[in-house]
Amino acid sequence: MNRTFAVSIGGAAGQGVATPGDIFAQIFARRGLHVNAYNAYQSIIRGGHTLLTIRTGLGEVTNFGDRIDLLIPLNQDTIDRHLHLMHPGSTVVYNGDTIKPKDRSEGVQLSALPVNELSKGSRSKVEQNTLALAASLSMMGVGFQPLEEVLTQQFKKKGDAVVAENLRIARAGYDYATANFKPFADPLPMTEARYAVLSGNVALAMGGAAAGVKFYCAYPMSPSTGVLHWMAAHARKAGIMVRQVEDEIGVINMAIGAAHAGVRAMCATSGGGFALMTEGLGMSAMIETPVVVIDVQRAGPSTGVPTKTEQGDLWQMLGAGFGDFPKIIAAPTDILDCFKLVPEMHNLADRFQCPAIILSDLLLSEGRASVDPKDLDFNVEIDRGELITSADSANGQNGYKRYKITESGISPRAIPGVPGYVHTVATDEHDEDGVLISDEYTNPHKRRAMMEKRQRKIAGISAAVLPPKLLGRPGADVTLVGWGSTKGVIREATEILNSQGVTTNQLQIRSLVPLHGDAITEILKTAGKRTIIVENNYSGQFARYLRSETSYVPDGYIRKYDGEPFMPHHIVQSVQEQLAGKTKLSVPVHEIMV
Amino acid sequence: MPTIAQPDSGKLTLNDFKGKIDPDWCPGCGDFGVLSSLEKALFELQISPYDVVTISGIGCSSNLPGFIHTYGMHTLHGRALAVATGVKLANHKLHVVVTGGDGDGFGIGGNHFIHTMRRNVDLLYVAMDNQIYGLTTGQTSPTSRKGMKTKSMPFGNVEEPINPITLALSAGATFVARGFSGEPKHLVELMKQGLEHRGFAFIDVFSPCVTYNHDNTYPWFKERVRKLEDDSHYDPSDWHVAMKHALLWGDEIPIGKFFERKDLPSLDQSEPVLDQEGRPLAHCQLQLSAEVTREFIEELM
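Please read all numbers here as calculations on a predicted model, not as lab measurements.

The next point concerns the overall build of chain B. Counting its secondary structure elements, chain B contains 10 helices and eight strands. Over its C-alpha trace chain B gives a radius of gyration of 20 Å, about what one expects of a compact globule, namely 19 Å for 301 residues. Projected onto its principal axes, the C-alpha positions of chain B cover 70 × 50 × 45 Å. Burial analysis of chain B (301 residues in total) assigns 52% to the buried set. Within chain B, counting contacts between residues at least 6 apart in sequence, those at least 24 apart form 70% of the total.

Now the structure itself:
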């Protein structure tokens, strides 16, 4: 199994947890190591408790793991919360002047830095952070130079004096640790590889840029706002019109307006904002104008826990919008997949002229991971479907029918401004010409024909999306089924179970609509002796959906709805208790108090 | 001023703007006058039907895009201005006209109304104000007068109505006017000016509901409306004067252009993104240059 090393930095919001976190991630990735980071935080700008965990390793690191090897508490609260969870061989690096460890953990190295003495004469407000960062790198067996490079880059805008000051403090911390603390048994390895580190939100935004999105709008809502921030910062370079709109109702209507005029349009929100968008989603389906909406799930209902994760919006997505209409829903399975899924969804939305929903969550969107920069390939396939953008296009002038009844259910779509294709679209039911059949000209036969035309697109969508595949060999003791963001942590759990002699494989669902229910039940027939569905919500939303589509009932469930993501041991221990016949529904306890 | 696209062959006729089907409004409805005035304004400016997108929400008057020959969108109740903003930014060469009623625009769509004005989106917004909900068979609207009896307020409206003109002036609309569908010539002139205005042009049009509003009828307006244009001293560039006249309501009700300012850029003019490649976003290359994408990735290393 992949050997990994995890650092956690904890403190109050505003104490500067993020910067050392970024520096660790950068140094690890530049060392050719993989990274996965997760920040457990709160909806507060100053104060409270934040714990950022960065896990690194030679192989792909798919989640933030089970244990902390190095803890940097920036305040007393952090050491009080986490010291008792530290394992033998781990280290705590802290400001010995202000922080006093209360618990005694067997085998944990308590590395107190004499911060006042080491930073004498410093005017820096975060000298304890820099000292701890440098001391930690010393103990990890990382030379001083990578830190020097990063700090120089970080502070060069503030002038040479600030750079020199930070380097002096860093050097003091580094040397103090080298002289006084026991280094980790295994120094951090190094490879020739170089990785890019990005969040799921940045990956989603970049995926939009790769897809050729030219219009992006949003209303700020955690945890989706990162997409808006990337889009806004890169709008001019990427030629993307980015707007912050008055509310999410305006957002989706503006996006649909832009899409109708011919661009690829996208927007992102979280559950509450999505609720406001649902009427617009129906308009997209009815006027057959494509739109791609990202829902970044957070712990609900209502305002819920805005900074915590959950997979609780599935049924909202399934039921979004009144009436019957085709829509596409998919959940990216890791941060790189956030990048890859977006262009795919735009192609599907364009081809089938309907709304498409990307279901991310806080874990993916605000988590960070290393990826091979080659995998961030902007040369993606772009398929805009049957789109008429100039008068030279086929289909001829006059007699153009926007909603022409076809076998595929897809009618060629002309954008405004093209001579010869003038037409009106309507959210009222309409005939092939676009003329309303809702008021004066109601007609049950035409209504039926139009309903069937739109719904025929579902067969095309199903054929265009690949069914899922079993990860691992069939015939296992246990098959773990998950969807979306849990892919990485379930994968690690299967590795641990396999190493313990419990043969385990995994079925991870990415496409939720179309679901490919027949393919899933076929796979599960031979996959394993016991199927357990793992999801980050209370009621087993995916399990209920799978059952409603296929009548399939699994052997057990693992669910978590405390706001924090699964850790590998949560899944492993749940499987063990189910194998022992103790329960069919496991709800693992999150031990870390964040 | 937007460039006015020339028709393919010869001069456009008024007939070129006639829609596929005839309006299904009640006989005598004020909306007929608004529709024919809009057709006439577009015809007189010789704007090609394919260069216009007429966008509406929901309500009797919002059926208008189905009755005129331009590109059209009959969207959701209250959302026409949001949709129109998207259309305009995706293709800023198009002429965008938004039509709808008082309930649609000032009630359910009130939030978008305010924000579209402050953004100065370049479009013409024609509100067909009949001071009643017609399609839902006669309930109080945001502009129904105080005391008016309707099915939803059978003992009389106890709420103050919205004044769309003062609202538009205070929200930063750069062209604010009021018309009356019983004064079609005057209305055509206002619409032409609104179409030529580079920015958000708002025209609140008295468009009487002959079926459900028995208070604010054609004769009621006829004897009250006074054209601002008839007062040679009226200066529509003076916001304070406009505000003062906008508050007049009683035996004399002013119609005409209250206010116009031409010094503010419209939203599309304020966005450098729209100048790239010299064409609308809707016709831009989708793929980004290798140089730009390399930069995006290097930021993450």
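Back to the text.
Okay, the interface of chain A and chain B next. Counting from both sides, the interface comprises 57 residues of chain A and, opposite them, 50 residues of chain B. Where the side of chain A that touches chain B is concerned, the elements lending two or more residues are strand E7 (196-199), helix H7 (200-211), strand E8 (213-218), helix H8 (225-238), helix H9 (248-260), helix H10 (271-287) and strand E17 (424-426) of chain A. In the sheet, E17 of chain A pairs with strand E2 (residues 71-74) of chain B via three bridges, with the strands oriented parallel. The partner of valine 425 of chain A across the bridge, within E2 of chain B, is methionine 73 of chain B.

Once that is clear, we can look at the sheet that holds strand E3 (residues 95-101) of chain B. Here nine strands make up an open sheet; going across it, the order is E17(A)-E2(B)-E1(B)-E3(B)-E4(B)-E6(B)-E5(B)-E8(B)-E7(B) and the pairing mixed. The open sheet terminates on both sides in strands that have one partner only, identified here as E17 of chain A together with strand E7 (225-227) of chain B. Averaged over all adjacent pairs, the angle separating strand axes in this sheet is 20°, with direction ignored. Direction of pairing for E3 of chain B relative to strand E4 (residues 123-129) of chain B: parallel, over a ladder of five bridges. Looking at E4 of chain B, one finds that threonine 99 of chain B is bridged to valine 126 of chain B. Of the strands in this sheet, E4, strand E5 (175-180), strand E6 (200-206) and strand E8 (253-260) of chain B are in contact with helix H5 (residues 164-171) of chain B, which crosses E5 of chain B at around 165°.

Our next topic: the packing of H7 of chain A against H8 of chain A. Residue and element names in this part refer to chain A. Contact geometry for H7 and H8: axes closest at 8 Å, N-to-C directions at 35°. The handedness of the crossing between H7 and H8 is right-handed. Where H7 abuts H8, its residues Asn201, Val202, Leu204, Ala205 and Ala209 lie against Gly226, Val227, Trp230, Met231, His234 and Ala238. Of the residues in the contact of H7 with H8, the class split is eight nonpolar, three polar and no charged.

All names here are of chain A. Here the domain parsing of chain A yields domain 1 (4-180), domain 2 (197-374), domain 3 (386-465) and domain 4 (470-586). Spacing between the C-alpha centres of domain 1 and domain 2 amounts to 34 Å. Contacts between the two partners involve 13 residues from domain 1, matched on the other side by 10 residues from domain 2. Every element with two or more residues in the side of domain 1 that touches domain 2 is listed here: helix H1 (18-30) and strand E2 (34-40). For the side of domain 1 that touches domain 2, the element with the most residues is E2, which contributes six residues.

Let us look at the sheet that holds E2 of chain A. Residue and element names in this part refer to chain A. Strand order across the open sheet formed by eight strands is E6-E5-E4-E1-E3-E2-E14-E7, with mixed pairing between neighbours. With one partner strand each, in any of the chains shown, strand E6 (109-113) and E7 form the two edges of the open sheet. Averaged over all adjacent pairs, the angle separating strand axes in this sheet is 15°, with direction ignored. Two strands pair when backbone bridges link them, and E7 and strand E14 (residues 368-371) are joined in this way by four bridges, in the antiparallel orientation. Its bridge partner being in E14, valine 197 is matched across the sheet by serine 370.

Turning our attention to the pairing of strand E4 (residues 70-73) of chain A. Residues and elements named next belong to chain A. Both faces of E4 are covered, namely the face carrying Leu70 and Ile72 and the face carrying Leu71 and Pro73. Note that strand E1 (residues 4-13) and E4 share four bridges and pair parallel. Among the inter-strand pairings, serine 8 is bridged to a residue of E4, identified as leucine 71. As paired elements, E4 and strand E5 (residues 91-95) share two bridges and run parallel to each other. Residue leucine 70 lies in a different strand from E5, and its bridge partner there is threonine 91. Tracing the backbone out of E4, into helix H2 (residues 76-82) and back to the parallel element E5 gives a crossover that is right-handed.

A word on unusual backbone geometry. Residue and element names in this part refer to chain A. With an omega dihedral of 0°, the bond running from glycine 300 to proline 301 counts as a cis peptide bond. Along the chain, the position of proline 301 falls in the loop between strand E11 (291-297) and helix H11 (314-319). For the bond from valine 513 to proline 514, the omega torsion is 0°, close enough to zero to count as cis. The phi angle at glutamine 353 is positive, at roughly 50°, despite the residue not being glycine. Summarising the element assignment, glutamine 353 is placed in the loop between helix H12 (335-352) and strand E13 (355-361).

Before going further, it helps to spend a moment on helix H4 (residues 127-139) of chain A. Under the 1.5 Å per step criterion, the end-to-end length of H4 of chain A is 18 Å for 13 residues, consistent within 8% with the ideal 18 Å. The buried fraction of H4 of chain A amounts to 13 of the 13 residues, a majority that puts the element mostly inside the structure.

What follows deals with the pairing of strand E19 (residues 476-483) of chain A. Residues and elements named next belong to chain A. In terms of burial, E19 is a largely internal element, seven of the eight residues being buried. In the sheet, E19 pairs with strand E22 (residues 528-535) via five bridges, with the strands oriented parallel. Along E22, the bridge assignment pairs leucine 480 with isoleucine 532. With six bridges joining them, E19 and strand E20 (residues 504-509) adopt parallel strand pairing. Paired with tryptophan 483 across the two strands is isoleucine 509, which belongs to E20. As for the winding sense of the linkage, the β-α-β connection from E19 through helix H15 (residues 487-499) to E20 is right-handed.

With that out of the way, let us pick up H15 of chain A. Every α-helix winds through 3.6 residues per turn, so residues three or four apart in the chain are directed the same way. Residue and element names in this part refer to chain A. The first and last C-alpha atoms of H15 sit 19 Å apart over 13 residues, in line with the 18 Å expected at 1.5 Å per residue. Within H15, burial applies to Lys487, Gly488, Val489, Ile490, Arg491, Glu492, Ala493, Thr494 and Leu497. Along its buried surface, H15 packs onto E19, E20, E22 and helix H18 (568-579). Glycine 501 sits one or two positions beyond H15 and adopts a positive phi of about 95°.

Quick look at the nonpolar core now. Residues Phe215, Ala255, Ala258 and Ile328 of chain A together with Val176 of chain B are the most contacted members of the largest nonpolar core, which totals 252 residues. Leaving out residues up to four positions away in the same chain, valine 176 of chain B has contacts with Ile165, Ala168, Leu169, Phe202, Ala242, Phe258 and Phe259 of chain B. Among the nonpolar cores identified, the runner-up in size contains seven residues, and Trp25, Cys29, Ile132 and Tyr212 of chain B belong to it.

In this section: the environment of glycine 563 of chain A. Residue and element names in this part refer to chain A. Within the secondary structure layout, glycine 563 lies in the loop between strand E23 (556-559) and H18. Sequence separation between glycine 563 and glycine 59 is 504 residues, and the spatial gap between their C-alpha atoms is 28 Å. Those residues in contact with glycine 563 that sit more than four places away from it in its chain are Ala299, Val305, Lys308, Thr309 and Glu310.

Here the focus is the confidence of the model for chain B. Residues with a pLDDT of 70 or more make up 97% of chain B, whose mean pLDDT is 95. Quick note on the complex model: pTM equals 0.97, ipTM equals 0.96.

All names here are of chain A. At a closest axis distance of 7 Å, the pairing of H7 and H12 adopts a crossing angle of 30°. When the axes of H7 and H12 are compared, the pair comes out roughly parallel. Seen from above, H7 lies across H12 with right-handed handedness. Judged by residue contacts, Gly200, Ala203, Leu204, Met206, Gly207, Gly208, Ala210 and Ala211 of H7 engage Ile335, Leu336, Cys338, Phe339, Lys340, Leu341, Val342, Pro343 and His346 from H12. A per-class count over the contact of H7 with H12 returns 12 nonpolar, four polar and one charged.

So, how was this worked out
Residues numbered from 1 in each chain as written. Chains lettered and ligands numbered in written order. Predicted model: local features only at pLDDT ≥ 70, side-chain atom pairs only at ≥ 80, totals over all residues. Helix = DSSP H or I, 4+ residues; strand = E, 2+ residues; numbered from the N terminus. Rg over C-alpha atoms; globule rule 2.2 N^0.38 Å. Buried ≥ 20, exposed ≤ 12 C-beta atoms within 10 Å, placed from the backbone. Contact = placed C-beta atoms within 7 Å. Pairing = 2+ DSSP bridges. Axes fitted to C-alpha atoms, helices over the stretch in contact; angles between N-to-C directions. Left-handed = near helix turned anticlockwise from the far one by under 90°. Nonpolar A, V, L, I, M, F, W, Y, C, P; charged D, E, K, R; others polar. Domains from an automatic or database assignment. Right-handed = clockwise from strand over helix to strand, strands pointing away. Expected span 1.5 Å × (residues − 1). Core = buried A, V, L, I, M, F, W, Y, C linked by C-beta atoms within 7 Å. pLDDT = per-residue confidence, 0-100. Parallel < 35°, antiparallel > 145°, perpendicular 65-115°, else oblique.

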